[in-house]
Amino acid sequence: MAEVRYRGTKVVGVAPDYADNIKFADEWVPAQAGTDAALAMAMGHVILKEFYVDHTTDFFTEFSGKYTDLPFLIELDEFDADGTTTLVPGKFLTAEALTGGTATAPEEEWKTVLIDDATGEPVVPKGSIGFRYSDSGEGDWNLDLEGVTPRLSLYGTDGAEPVAVSLPAFEAPDGSGSVMSRGVPARRIAGRLVTTVFDLMLAQYGVGRDGLPGQWATGYDDPNTPYTPAWQAAITSVPAEQAIRIAREFAVNARESGGRSMIIMGAGICQWFHGDATYRAILAMLTLTGSMGRNGGGWAHYVGQEKCRPITGWISLANALDWSRPPRTQPGTSYWYMHTDQWRNDGYSTTALTSPLSRGTLDHAHTADAVAQSAAMGWMPFYPQFSTNPLQVADDANAAVAAGTADTPAAYVAKALCDGDLTPAIADVDAPENWPRTLVLWRSNLLGSSAKGDEYFLRHLLGTHHNVLGTENPNTPRPAEVRWHDQAPEGKLDLLLSADFRMTSTTLLSDIVLPAATWYEKHDLSSTDMHPFVHAFTPAIDPPWEAKSDFDLFHLLAQELSRQAEKHLGVVHDLVSVPVQHDTPGEMAQAHGRVIDWRETGNPGIPGKNMPMFSVVERDYTAIADKLASVGPLADTMGFTVKNVTFDIASQIPKLAATNGVMLSANGSVSDGRPAIDTDAKMAEAILMFSGTTNGELAVDGFEKLQKRVGKKLVDLAAGAEEKRISFADTQKQPVPVITSPEWSGSETGGRRYAPFTVNIERDKPFHTLTGRMHYYLDHDWMLDIGEALPLYRPPLDMHRLFGEPKLGPTGEKEITVRYLTPHNKWSIHSEYQDNLFMLSLSRGGPTAWLSPEDAASIDVADNDWIECVNTNGVFVARAVVSHRIPVGVTYVHHAQERTIDVPKSEATGRRGGIHNSVTRLLVKPSHLIGGYAQLSYAFNYLGPTGNQRDNVSTIRKRSQEVTY
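Residues numbered from 1 in each chain as written. Predicted model: local features only at pLDDT ≥ 70, side-chain atom pairs only at ≥ 80, totals over all residues. Heavy atoms only, no water.

Draft legend 1. Focus on the overall build of the chain. Within the chain, the secondary structure is distributed over 28 helices and 28 strands. Computed over its C-alpha atoms, the radius of gyration of the chain comes to 28 Å, within 12% of the 30 Å expected for a compact globule of 965 residues. C-alpha extents for the chain along the principal axes are approximately 85 × 70 × 65 Å. In the chain, buried positions account for 59% of the 965 residues. Excluding contacts between residues fewer than 6 apart, the proportion of contacts in the chain whose partners are at least 24 apart in sequence is 72%. Accessible surface for the chain amounts to roughly 37,200 Å². Of this, 52% is attributable to carbon and sulfur atoms. (Helix = DSSP H or I, 4+ residues; strand = E, 2+ residues; numbered from the N terminus. Rg over C-alpha atoms; globule rule 2.2 N^0.38 Å. Buried < 20%, exposed > 50% of the residue type's maximum accessible area, 1.4 Å probe, protein only. Contact = heavy atoms within 4.5 Å. Areas by Shrake-Rupley, 256 points an atom, 1.4 Å probe, with all protein chains shown as cover.)

Draft legend 2. The packing of aromatic side chains, seen in detail. Inspection of the entire model under this criterion finds 23 aromatic pairs. Ring centres 5.1 Å apart and planes at 50° place the aromatic pair Phe63 and Tyr67 in the tilted group. Of this pair, Phe63 and Tyr67 both sit in helix 3 (residues 58–67), four residues apart, roughly one helical turn. Summarising the burial analysis for this pair, Phe63 and Tyr67 share the class buried. Note on Tyr335 and Trp336: the rings are 4.9 Å apart at their centroids and 85° apart in plane angle, and the pair reads as edge-to-face. Taken as a pair, Tyr335 and Trp336 share a single burial class, namely buried. Through a chain of ring-to-ring contacts, three or more aromatic side chains come together here, namely Phe51, Tyr52, Phe59, Phe60 and Phe198. Of note, Arg478 hangs over the ring of Trp484, and the distance from its end group to the ring centre comes to 3.7 Å. Above the ring of Trp850, the side-chain terminus of Arg885 is found at 5.2 Å from the ring centroid. (Phe/Tyr/Trp six-rings, centres within 6.5 Å; stacked < 30°, edge-to-face > 60°. Lys NZ or Arg CZ within 6 Å of the ring centre and 35° of its normal.)

Draft legend 3. Structural context of empty space enclosed by the protein. The tally for this structure, following the rule as stated, stands at five cavities of 30 Å³ or more. Elements with a minimum of two residues in the lining of the largest cavity: strand 4 (84–92) and strand 7 (161–169). A total of three residues in the lining of the largest cavity trace back to one element, the largest contributor, which is strand 7. Tallied by class, residues from the lining of the largest cavity come to nine nonpolar, four polar and two charged. Each pocket or cavity is described by its volume, and for the second largest cavity that value is around 60 Å³. (1 Å grid on protein atoms, 1.4 Å probe; cavity = no way out; pocket = protein on both sides within 12 Å on 5 of 7 lines; lining within 4 Å. Points joined across faces, edges and corners; volume = space filled by probe spheres on them. Nonpolar A, V, L, I, M, F, W, Y, C, P; charged D, E, K, R; others polar.)

Draft legend 4. Representation of the packing of helix 2 (residues 36–53) against helix 7 (residues 240–257) within the structure. Running from N to C, helix 2 and helix 7 point in directions that differ by 55°, and their axes come no closer than 9 Å. As judged from the angle between their axes, helix 2 and helix 7 are oblique. With respect to the hand of their crossing, helix 2 and helix 7 are arranged in right-handed fashion. For the pair helix 2 and helix 7, contact is made by Leu39, Met43, Val46, Ile47, Glu50 and Phe51 and by Ala243, Ile244, Ile246, Ala247, Arg248, Ala251, Val252 and Arg255, respectively. Partitioning the contact of helix 2 with helix 7 into residue classes produces eleven nonpolar, no polar and three charged. (Axes fitted to C-alpha atoms, helices over the stretch in contact; angles between N-to-C directions. Parallel < 35°, antiparallel > 145°, perpendicular 65-115°, else oblique. Left-handed = near helix turned anticlockwise from the far one by under 90°.)

Draft legend 5. Region of the structure containing the pairing of strand 17 (residues 571–578). Within strand 17, six of the eight residues are buried, leaving the element largely enclosed by the surrounding structure. Relative to strand 18 (residues 613–620), strand 17 runs antiparallel, the two being bridged by eight bridges. In the sheet register, Val571 faces strand 18, and the bridge partner there is Asp620. (Pairing = 2+ DSSP bridges.)

Draft legend 6. Layout of the side chain of Ser691. Here Ser691 shows up in the loop between helix 21 (680–689) and helix 22 (696–710). For Ser691, a relative accessible area of 0% gives the class buried. At 2.8 Å, the side chain of Ser691 forms a polar contact with the backbone oxygen of Ile687. Not counting the four nearest positions on each side in its chain, Ser691 is found in contact with Pro310, Ile311, Thr312, Gly313, Trp314, Leu698 and Glu743. (Polar contact = N/O pair within 3.5 Å; in protein donor to acceptor, adjacent residues only side chain to side chain.)

Draft legend 7. Highlighting the layout of surface pockets. Reported here for the second largest pocket is a volume of approximately 590 Å³. Considering the residues around the second largest pocket, the lining is formed by 29 residues, among which Ala33, Pro173, Pro796, Leu808 and Arg819 are closest to the centre. Looking at the lining of the second largest pocket, the elements that each hand over two or more residues are helix 26 (799–803), strand 22 (809–810) and strand 23 (815–821). Examining the composition of the lining of the second largest pocket, we find that three residues originate from one element, strand 23, more than from any other. Here the lining of the second largest pocket is composed, by residue class, of 17 nonpolar, six polar and six charged.

Draft legend 8. Inspection of the nonpolar core at higher detail. If you look at the biggest cluster of nonpolar residues, it comprises 89 residues, and the most contacted ones within it are Leu48, Tyr52, Leu70, Val197 and Tyr777. The dominant element in this core, judged by the number of residues it contributes, is helix 2, at eleven residues. Dropping the residues within four chain positions of it, Val197 is found in contact with Asp69, Leu70, Phe72, Ile74, Phe92, Tyr776 and Tyr777. By size, the runner-up hydrophobic cluster in this structure holds 48 residues, among which are Ala368, Leu797, Leu802 and Leu936. (Core = buried A, V, L, I, M, F, W, Y, C linked by side-chain atoms within 4.5 Å.)

Draft legend 9. Inspection of the sheet that holds strand 15 (residues 524–526) at higher detail. Ordered in space as 15-16-21, the three strands form an open sheet in which the pairing is antiparallel. One side of each edge strand has no neighbouring strand; the edge strands of this open sheet are strand 15 and strand 21 (736–737). As paired strands, strand 16 (residues 533–537) and strand 21 are joined by two bridges and run antiparallel to one another. Following the sheet pairing, Phe533 is matched in strand 21 by Pro737.

Draft legend 10. Expanded view of a nonpolar patch on the surface. Side chains of Val440, Trp442, Phe554, Leu557 and Leu628 sit close together on the surface and give an oily, nonpolar patch of about 440 Å² of accessible area. Elements represented by at least two residues in the nonpolar patch include exactly strand 12 (438–442) and helix 17 (550–568). Given the relative accessible area of 36%, Leu557 is considered partly exposed. (Patch = residues over 30% accessible without salt bridge, like charges linked within 9 Å, V, L, I, M, F, W, Y side chains within 5 Å. Salt bridge = Lys/Arg side-chain N within 4 Å of Asp/Glu carboxyl O.)

Draft legend 11. Focus on helix 6 (residues 229–236). Along helix 6, the positions that sit buried rather than exposed are Pro229, Ala230, Trp231, Gln232 and Thr236. Buried-residue contacts for helix 6 involve helix 2 and helix 7.

Draft legend 12. Molecular detail of the sheet that holds strand 14 (residues 512–515). Judged by pairing direction, the sheet is parallel, and its three strands sit side by side in the order 12-13-14 without closing on themselves. With one partner strand each, in any of the chains shown, strand 12 and strand 14 form the two edges of the open sheet. Across this sheet, the average inter-strand angle for adjacent strands is 15°, counted without regard to direction. The pairing of strand 12 with strand 13 (residues 495–500) spans five bridges and is classified as parallel. Its bridge partner being in strand 13, Val440 is matched across the sheet by Leu497.

Draft legend 13. How the structure looks around the environment of Val877. By the secondary structure assignment, Val877 is in strand 26 (residues 874–882). Residue classification places Val877 among the buried positions, given a relative accessible area of 0%. Sequence spacing of Val877 and Gly910 is 33 residues, and the spatial spacing of their C-alpha atoms is 11 Å. Those residues in contact with Val877 that sit more than four places away from it in its chain are Pro847, Trp866, Ile867, Glu868, Pro904, Lys905, Ser906, Gly913 and Arg959.

Draft legend 14. Structural detail: the pairing of strand 25 (residues 866–871). The element strand 25 is extensively covered by neighbouring structure, given that six of its six residues are classed as buried. The alternating pattern of strand 25 places Trp866, Glu868 and Val870 on one face and Ile867, Cys869 and Asn871 on the opposite face, and all of these are buried. For strand 25 and strand 26, the ladder comprises six bridges, and the chain directions are antiparallel. By the bridge assignment for strand 26, Trp866 is matched with Arg879.

The values reported here are purely geometric and, on their own, carry no functional implication.
Spelled out as structure tokens, the structure:
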């Protein structure tokens, strides 16, 4: 940040506290914790009014017309609101409506519609998902408008009429919904009343135009109308004048620089319950100003650090796609939410989150029911799959096919589920047959770093001592589709095995600990999608004593498993259930995002349509070790696919064999003659060989296939790199720049730095969305019902209203209730060597919680006093760090502080005082469970429910300064 300021960039820091990065900024915007979306919406209000309505900006409108969904048409539906009929935004208008409501081909339901400004007539532009997978769309999946100028607004056009629409808002501090009445211009097309996304955006942001009905802001200084600068000031504490000025500067800079305005987001926003809504409000500023897909502009985010650039080789070998398909994967948030029984402590139904304009598709008795429906509909996976062993299900399915009573194994499973002969495991998740029994943690400090709701993990998963203070309220909602056991199980696991090089909170609780090598004792790769190099880890020394690399640990386990499998398992068949996937034709499973549940009478269950896909996979457990050490034959015959581009791996197999050698066994094996990946260095070589970003031949192959579908020139982005291959030895010499490849949306060709979406903007390759453009509007049934079809502000959860926690603020006693935030500290991310002497000398020698001087004084706490943070989830004992950098009403408990150093007993429980995640809990936002619909489709480590903990509150009190351990 200091360097970019030298080059003339203005840096604005938005943070509730005077964070370490603020001192590098030109200006500080101290928005209160959890209110970023209110600030972003007000800035969007300014941008829309000044650069789209009062004056038009050609650069912005051209960008919005081509690369966003702003010109696309949305149907307006009648809605009965307490006996009064009103209009509400509904679904995208699609091509089948133009032909009388009957699709001439299935893909017509997936081709979205806009108005040609020159003719005033509806047109179906290329690039939507309806062109992506169909035969008819080959060569036409692109953003070339072919002379059409999209009409952003119907305002002032022939045939348009002003109509009032109702829009949801959630401006109340307790998060309850209200309704705004705003006007939009609308016209009838194919018998349907429609308006544009742009017209709805202006209505949503409160930017009025003459002659439109509804309640509009009187000006920027209107404090009572949502999304004005004055309105946000009361919520965020950011002066209206500052919000106006920075929004204006941001837009002017983008206009004058060609989109070189950038927003960098850290970890904080996505860890709020409504973090997705906040993201959308912030990203709208970038798309409205044409700043996406620009070097020097756009969006940069820390989550980019969690994906590796040579993704094809890594994800394919990690999931064993060379030997068997499909793999099992599972979002951790929903899995642990259910299996650690945190769902039993939810105090609300999903209707507590819905819009007043909800049509009822999200009316579940409990969030657990939403998880169950998502799994049933094939949206998100949930494991275990069934209450019956999947090996038995596979045998039954194969037997039914052999007997002629089922056409396919998938048809057998679908019928058994519909008839009730087969039961999903989630329907009785606490039944012993559905418990997780074995947990292997590979360098994952789950119980000392990652586990939100750590005390519930200890109680229900491990069955050990815990500090859960809350009790299950018999008056709170109970799920309708998940069985409730009066006594929650405690101690589900039979075995907890950890591999780590530190003695962490997790290893202290593990049954078996495997000593792992550190970074400087093994071969490995390091690269992310947001920087342009591949790096190697090269061992400086061998692993000491009994320590082994993670690679060797798993190979040794596989060898022993294979040996024992000769007696106990052998070759079996496994029924695997997987959801419909992102970047596959499965994204087109559920047209218009309608929720048609097969469990309701009259709706047939169809695998891959409104159910998961079911496949029988052969498991030769005696060959697990041999397969792990070699590249399997499916790589040759099926290739490796990423983002619907299948790379020709067969051409690379002989090259890898020449580099790594092949496997040979004395007694014969399925791996004989296959390329070897039996060492960590050989595995790294294979990952690099099988990825377009590190193998130019594959990059060209991938672009040739993508170019055929897109119909635009793409191959030149990798041309000339056919002979380039980054080997593991190359990365050991120095960091090596990667190759431009269709695996990622940016281009490094010509020595430029990576920026996401540059290929989309510069080469007309569509975004992987419903319209093929960046979206403001989401029309899935659940998004409409939760009130988040458009960007908006939603306040942090009211933990008093939903969970009965104390209200924020002083209580009148020597305690105060504050927001409990767990940010990363300056010197660590997910772990910290707290327990060596050097680190102890730089800290206070144990856990700390940061407080503002005002909050500390209100409970008579001085710097370094012992305090306790308490709520229903648990207790955290720490020393207070009293600092003027912390705002009133929050405490900062840095991630990750473990139980291992100087943690005294709690006065509240008499047990040791927990870790930073002892006071948090898992919360699942139902809309994160959507799947099977265009960009809202599951993909491993890509889309699914997110862990969030920042809405939690905690009561802080000063404790006795005489502590015991």
